[in-house]
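Breakdown of the fold
Residues per chain, in single letters:
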Amino acid sequence: MDIDLISILGAAAGGFFGAAIGGLHAFIFTGFMVLVGIAILAATGDASFIGDLAFGPVFGPHIAFAGGVAAVAYAHRRYGTNGRDIALPLASLAKPDVLLVGAGFGVLGYLIQKVVAIIPWFGANTDAVAFTVIISAIIARLAFGKSGLFPKNDSGKSGWAAYEPTETGRWVEHQERGGPLAVLGIFAGLLAAFASVTLLEAYPDLAGNAQVLMFGVSAVSLAFASAGHPMPVTHHITLPAGLAAVTFLPAVGEMTWLAVLIGAAAGLLGAFLGELFARLTVAHGDTHIDPPAFAIFPATTIILALGALV
């Protein structure tokens, strides 16, 4: 496990940055960094920018985004802000303690990810960054929230109905119903799978990273959501789809179209996992536990395990 002081300092700065500008905006910057990293990798064959910056200290979602999520949860407990408003730039509160919580969770995210990555089998067969985002958010919920990990709606119903979205509790309204969600999952997955396969075939040096192209695009698209437009949230669709397509590409031989269809199926899986975990953890909670991250890590494990079998 490689831990060094300069990375810890970078993680503290990244968590602070995510808190200061808001976790959502920090994640959008992750998307930009991913796209820049893909361009550098295609041009030079060097993946350092992606690993060391886009998914490393400062801009890694487990650091900057997670720091913003934890800081707004703390601000909710301490100052009464909306604990789920991950778009709120917390520097606007002029409360240094809030930003320092972000810095602390940035360091915590860095350390958790390092530990997750060395877990036998699981660490190499999941998305350690996404898994860390979830662990960090659960810690923040338990430390600063009051709703518990699996809060129910106010309908008084039991069973699955107790977690259904309501007017006062939901994640993304236009992604709640099965039909629209299925179409979004299939076609966003299809797009990501096609782009990943095409990119990998054109630039073989992108092996191991081609799947993150459309993840970066999905992250950047959330800038429009921050501006108030009802954009779809798709990074938990496009990343599993791209990963599935490039994972199964060697197995399908010249039938590239089959790898793309497998990617579309993985996109569908990611879409429904995201909505499932949204209903269970965030729709009726008082802090943010990220549904896309909760979808990405199990989808990644499923894809890599099936890929190993094939």
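Residues numbered from 1 in each chain as written. Predicted model: local features only at pLDDT ≥ 70, side-chain atom pairs only at ≥ 80, totals over all residues. Heavy atoms only, no water.

1. Concerning the overall build of the protein
To be explicit about the condition: Comment: elements are numbered from the N terminus, with helices defined as DSSP H or I runs of at least four residues and strands as E runs of at least two. In this description the radius of gyration comes from C-alpha coordinates, and the expected globular size is given by 2.2 Å times residues to the power 0.38. Methods summary: accessible areas were calculated by the Shrake-Rupley approach with a probe of 1.4 Å, and residue burial reflects only the protein chains presented. The sign given to each residue is positive for Lys and Arg and negative for Asp and Glu; His and the chain ends receive no count. By convention, the charge on Lys lies at NZ, on Arg at CZ, on Asp at CG and on Glu at CD.
Looking only at helices and strands, the protein has 11 helices and zero strands in total. In sequence order, the secondary structure elements of the protein are arranged as α-α-α-α-α-α-α-α-α-α-α. Taken over C-alpha atoms, the radius of gyration comes to 19 Å for the protein, in line with the 19 Å a tight globule of 310 residues would show. With the principal axes as the frame, the protein shows a C-alpha extent of 60 × 50 × 40 Å. For the protein, the computed accessible surface area is about 12800 Å², with 69% contributed by carbon and sulfur atoms. Counting 12 positive and 18 negative side-chain charges, the protein places the centres of these two groups 16 Å from one another.

2. Some words on the packing of aromatic side chains
Inclusion rule: Working definition: a ring pair exists when centres of Phe, Tyr or Trp rings (six-membered ring for Trp) sit within 6.5 Å. Plane angles under 30 degrees give stacked, over 60 give edge-to-face, the rest tilted. To sort residues, take the accessible area from a 1.4 Å probe on protein chains only and compare it with the maximum for the residue type: under 20% means buried, over 50% means exposed, and anything in between is partly exposed.
Tallying each qualifying case throughout the model produces 13 aromatic pairs. An angle of 80° between the planes, with centres 4.8 Å apart, marks the rings of F131 and F297 as edge-to-face. Of the two residues, F131 is situated in helix α6 (residues 128-144) and F297 in helix α11 (residues 291-309); the sequence distance between them amounts to 166 residues. Comparing F131 with F297, the two get one shared label, buried. Note on W160 and Y163: the rings are 6.2 Å apart at their centroids and 35° apart in plane angle, and the pair reads as tilted. Relative accessible area serves as the criterion here: at 15%, Y163 is assigned to the buried category.

3. Things to note about the pattern of salt bridges
Short version of the rule: Salt bridge, as applied in this entry: a Lys or Arg side-chain nitrogen positioned within 4 Å of an Asp or Glu carboxyl oxygen.
Counted under the stated rule, the structure contains four salt bridges. For the salt bridge of E176 with R170, the shortest nitrogen-to-oxygen distance reads 2.5 Å. In this structure R170 comes out as buried when scored by relative accessible area, which is 18%. For R279, the salt bridge goes to E275, with nearest N and O atoms at 2.7 Å. Taken as a pair, R279 and E275 lie in helix α10 (residues 256-282) at a separation of four residues, close to a single helical turn. Residues R279 and E275 agree in their burial class; the two are buried. If you follow the salt bridges from partner to partner, you end up with E167, R170 and E176 in one network.

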